[in-house]
Amino acid sequence: MTAVADYRALAERAEKELAGATAEEALRWTAETFGDDFIVASNMQDAVLIDLATKVKPAVDVLFLETGYHFAETLGVRDAVRTVYPDVRIVDAQAEQSVAEQDAEYGPKLHERDPGQCCFLRKVVPLRQTLGKYSAWVTGVRRVDAPTRANTPIVTWDERNGLVKINPIAAWTDDEFNAYLHENGILENPLVSIGYLSIGCAPCTAKVEPGQDPRSGRWAGQSKTECGLHG
């Protein structure tokens, strides 16, 4: 069997065996199975997943998609992570073009005219290129985030990117997530406290009104609901 086939079979077994695993159990399995050959993704809305991962692997790699469009507060959280978790190695995945170069080729504000293409160039491609160096990645996707994520397994085979995908907090409710965040004093993007409940690039992220779906602030007024990173 090829390495890809081996890992696909591994993911299929783990999807069943770890279906009811806790976040710690899933992350411990990841560290024991992949060693240094996995990376933890973070959009720097908070450091919950990073904190959990460092409990089983202090020197874990953390993937941050540096799109060139982030809020200053988001970059501040990324920099704070480097201080709070000194053993963590942050991998800044960047697009092949700067924002200025993209504007020159595609025209200014591509994110307004074709947000799907902008996300593809500034998120999907850099993600793929970075994940190509690893055999597994860990994400903070939760089932309560959106209807499209309602059936998210703890472990699965990521067909699009060709590696094992671990979602250790997939089953966490908002109450469980917030309890971990506040009881452990975890870093959180200050924008959350003023109504930005799902933070992405600044031009495509808006405040959410009380009672609204947290992701309603992403690409508000457009049919787009996902950036393409998770299917």
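Because the structure is a prediction, the values reported are computed rather than measured. All residue numbers here refer to positions counted from 1 along the written sequence of the relevant chain. In keeping with the predicted nature of the model, local features appear solely for residues at pLDDT of at least 70, side-chain atom pairs appear and are counted solely at 80 or more, and the whole-chain, interface and lining totals rest on all residues. Where side-chain values are given, they derive from all heavy atoms of the structure, hydrogens and water being excluded.

**As for the packing of aromatic side chains**
Link 1 in the chain: Pairs were defined over the aromatic rings of Phe, Tyr and Trp, the Trp ring being its six-membered one, requiring ring centres within 6.5 Å. Orientation was assigned from the angle between planes: stacked under 30 degrees, edge-to-face over 60, tilted for the rest. All chains considered together, the criterion is met by five aromatic pairs.
Link 2 in the chain: Where Trp 172 meets Phe 177, the ring centres are 6.5 Å apart and the plane angle is 70 degrees; that geometry is what we call edge-to-face.
Link 3 in the chain: The buried label applies to any residue whose accessible area, calculated with a 1.4 Å probe on protein chains only, is under 20% of its type's maximum; exposed applies above 50%, and partly exposed to all values in between. Residue Phe 177 is classed as buried on the basis of its relative accessible area, which comes to 12%.
Link 4 in the chain: With a centroid separation of 5.6 Å and 50 degrees between ring planes, the pair formed by Trp 172 and Tyr 180 is classed as tilted.
Link 5 in the chain: By relative accessible area, which is 14% here, Tyr 180 ends up buried.
Link 6 in the chain: Here the aromatic cluster, defined as three or more aromatic residues joined through ring pairs, consists of Tyr 7, Trp 29 and Phe 34.

**Considering the pairing of strand 2 (residues 61-66)**
Link 1 in the chain: The buried count for strand 2 comes to six of six residues, which makes it a mostly enclosed element.
Link 2 in the chain: A two-sided burial pattern is seen for strand 2, the buried positions comprising Asp 61, Leu 63 and Leu 65 on one face and Val 62, Phe 64 and Glu 66 on the other.
Link 3 in the chain: Any two strands with at least two DSSP-identified bridges between them are counted as paired. The helix count covers DSSP runs of H or I at least four residues long, the strand count covers runs of E at least two residues long, and both are numbered beginning at the N terminus. Bridge count between strand 1 (residues 38-41) and strand 2: three bridges; the pairing is parallel. If you follow Ile 39 over to strand 2, its bridge partner there is Asp 61.
Link 4 in the chain: Orient the strands so they point away from the viewer, and a crossover whose first-strand-to-second-strand path over the helix runs clockwise is right-handed. As for the winding sense of the linkage, the β-α-β connection from strand 1 through helix 3 (residues 48-56) to strand 2 is right-handed.
Link 5 in the chain: Two elements, strand 2 and strand 3 (residues 89-94), share six bridges in a ladder whose sense is parallel. Bridge pairing links Phe 64 to Asp 92 in strand 3.
Link 6 in the chain: As a crossover connection, the stretch from strand 2 through helix 4 (residues 72-84) into strand 3 is right-handed.

**Section: helix 1 (residues 3-17)**
Link 1 in the chain: If you check helix 1, its first and last C-alpha atoms are 21 Å apart, about what 15 residues at 1.5 Å a residue would give, namely 21 Å.
Link 2 in the chain: Among all positions of helix 1, only Leu 10, Ala 11 and Ala 14 are buried. Within helix 1, the buried residues cover an arc of 100 degrees as seen down the axis, which keeps them to one side.
Link 3 in the chain: Contacts are assigned to residue pairs that have any heavy atoms within 4.5 Å of one another. Tucked into the core, helix 1 has its buried residues touching helix 2 (23-34), strand 5 (155-158) and strand 6 (163-166). By this rule the span expected of a helix is its residue count minus one, scaled by 1.5 Å. Think of the arc as the fan of directions from the helix axis to the C-beta atoms.

**Section: the environment of Asn 178**
Link 1 in the chain: Secondary-structure assignment places Asn 178 in helix 8 (residues 174-183).
Link 2 in the chain: Owing to a relative accessible area of 33%, Asn 178 belongs among the partly exposed residues under this scheme.
Link 3 in the chain: Expressed as a C-alpha distance, the spacing of Asn 178 and Val 48, which sit 130 residues apart in the sequence, is 9.4 Å.

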